[in-house]
Amino acid sequence: MTQAMSPLLEACAVSRQFPIRGSGSLLRRPAYQLAVDQVSVALYPGEVVAVVGESGSGKTTLGRMLLGLTAPSAGSIKYRGTDISRLHGDDWRRFRRDVQVVFQDTGGSLNPRHPIGDSIALPLRFNLAMNARAAATEVDRLLAQVGLAPNDFRHRLPHELSGGQRQRVGIARALASRPALIVADEPVSALDVSVRAQILRLMADLRQEQQLAYLFISHDLGVVRALADRVVVMYQGCVVEAGSADAVFNHPAHEYTQRLLAATPVPDPSQPLQALPMDGRT
Ligand SMILES: Nc1ncnc2c1ncn2[C@@H]1O[C@H](COP(=O)(O)OP(=O)(O)OP(=O)(O)O)[C@@H](O)[C@H]1O
Ligand SMILES: [Mg+2]
């Protein structure tokens, strides 16, 4: 359905190498490790693409390149058809607004001394140029949208929240910029199982409500199963398999994918998310 549109964000044969620490000397050039090796992936509006693979397979490095946080050693990242290394001024700012990120531990990136309402207001004031009053109204709307009662939560400091609540704040802050795409790098990996299902449910609802696209990075196939439209499987920096979620989960072609699936206790994909209530008690 979405394939007829042009991609929102695209990795075109991107590679990234890192020097191996301690490998170089006065006489010898350092050895390099290819963290990502000629990976191509296109992300379309409203679509959820999961990137899965074991630890060290290059998922985060790929995500950081798509976010413009790490420069590719080769290949290019295109945002709405333009190489992001050529974006300047308003175009660069539009890209940075349009593509947001949620990390595993969003709590760690919230200012510990600022009430969470202020942290969410920052992108509203500076990216969207809202005045204080409009931003305050929008903060409350965003808190409610992620299942946190505004009156109870807007004045709290990050340490006064549970891990699940902090992750909701991270999502609210990402939503504040009205993105088209959220790169979610292991967004539920630090949470326990029941909280994890609630955050996934929230992400699924938000996607429905506002046509959000996600690049959902996870080493856990069980987590992405209910959400993903397409799955990209990475192994040692390369894409070894990519296809519709149905195809990859039900008929994995590559041996590595089969092993990855066998190692994952996968619940019935249609059940857990629908069954759980969405609220802020996490
Ligand atoms: N800044 C860096 N400097 C040197 N090496 C790096 C750097 N970032 C990543 N690497 C290496 O690149 C490889 C891929 O790392 P990456 O973080 O992308 O993997 P990942 O798939 O996200 O793993 P995980 O599931 O553990 O998060 C790893 O071998 C890692 O050690
Ligand atoms: Mg990672």
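The rules behind the values
- Residues numbered from 1 in each chain as written.
- Chains lettered and ligands numbered in written order.
- Predicted model: local features only at pLDDT ≥ 70, side-chain atom pairs only at ≥ 80, totals over all residues.
- Near = placed C-beta within 6 Å.
- Helix = DSSP H or I, 4+ residues; strand = E, 2+ residues; numbered from the N terminus.
- Nonpolar A, V, L, I, M, F, W, Y, C, P; charged D, E, K, R; others polar.
- Contact = placed C-beta atoms within 7 Å.
- Buried ≥ 20, exposed ≤ 12 C-beta atoms within 10 Å, placed from the backbone.
- Pairing = 2+ DSSP bridges.
- Axes fitted to C-alpha atoms, helices over the stretch in contact; angles between N-to-C directions.

1. Side note on the site of ligand 1
Next up, step 1: Phe18, Ala35, Gly53, Ser55, Gly56, Ser57, Gly58, Lys59, Thr60, Thr61 and His219 make up every residue found near ligand 1.
Next up, step 2: With three residues, the top contributor of residues to the shell around ligand 1 is helix H1 (residues 59-66).
Next up, step 3: Residues of the shell around ligand 1, tallied by class, amount to two nonpolar, eight polar and one charged.

2. So, the environment of Val240
Next up, step 1: With respect to the helices and strands, the residue Val240 is situated in strand E10 (residues 238-244).
Next up, step 2: A C-alpha to C-alpha distance of 21 Å links Val240 and Glu47, two positions 193 residues apart in sequence.
Next up, step 3: Non-local contacts of Val240, meaning those with residues more than four positions away in its chain, are made with Val233, Tyr235, His254, Tyr256 and Thr257.

3. Remarks on unusual backbone geometry
Next up, step 1: In this model, Gln38 sits at a positive phi of 50 degrees, which is unusual for a non-glycine residue.
Next up, step 2: Inspection of the secondary structure assignment puts Gln38 in strand E2 (residues 32-43).
Next up, step 3: Look at Gln38 and you get partly exposed, because 15 C-beta atoms sit within 10 Å.

4. Let's talk about the sheet that holds E2
Next up, step 1: Pairing is antiparallel in the open sheet, where four strands are placed in the order E2-E1-E4-E5. Only two strands of the sheet have a single neighbouring strand rather than two, namely E2 and strand E5 (82-83).
Next up, step 2: In the packing of H1 onto the sheet, contacts are made with strand E1 (9-19), E2 and strand E4 (74-79), and the angle to E1 comes to roughly 120 degrees.

5. With respect to the sheet that holds E10
Within a sheet, neighbouring strands are paired by backbone hydrogen bonds and run either parallel or antiparallel to one another.
Next up, step 1: One open sheet holds the six strands; their spatial order is E6-E7-E8-E3-E9-E10, and the pairing between them is mixed. A single partner strand is all that each edge strand has here, and the edge strands are strand E6 (99-102) and E10. Each strand axis lies, on average, 15 degrees off the axis of its neighbour in the sheet, ignoring direction.
Next up, step 2: Examined bridge by bridge, strand E3 (residues 48-52) and strand E8 (residues 213-218) share five bridges and lie parallel to one another. When the sheet's bridge partners are listed, Val48 is paired in E8 with Tyr214.
Next up, step 3: H1 contacts E3, strand E7 (181-185), E8 and strand E9 (230-235) of the sheet and is inclined by roughly 155 degrees relative to E8.
Next up, step 4: Across the sheet, helix H10 (residues 255-262) touches E3, E9 and E10, and the angle it forms with E9 is around 105 degrees.

Scope: geometric values only; no functional claims are made or implied.
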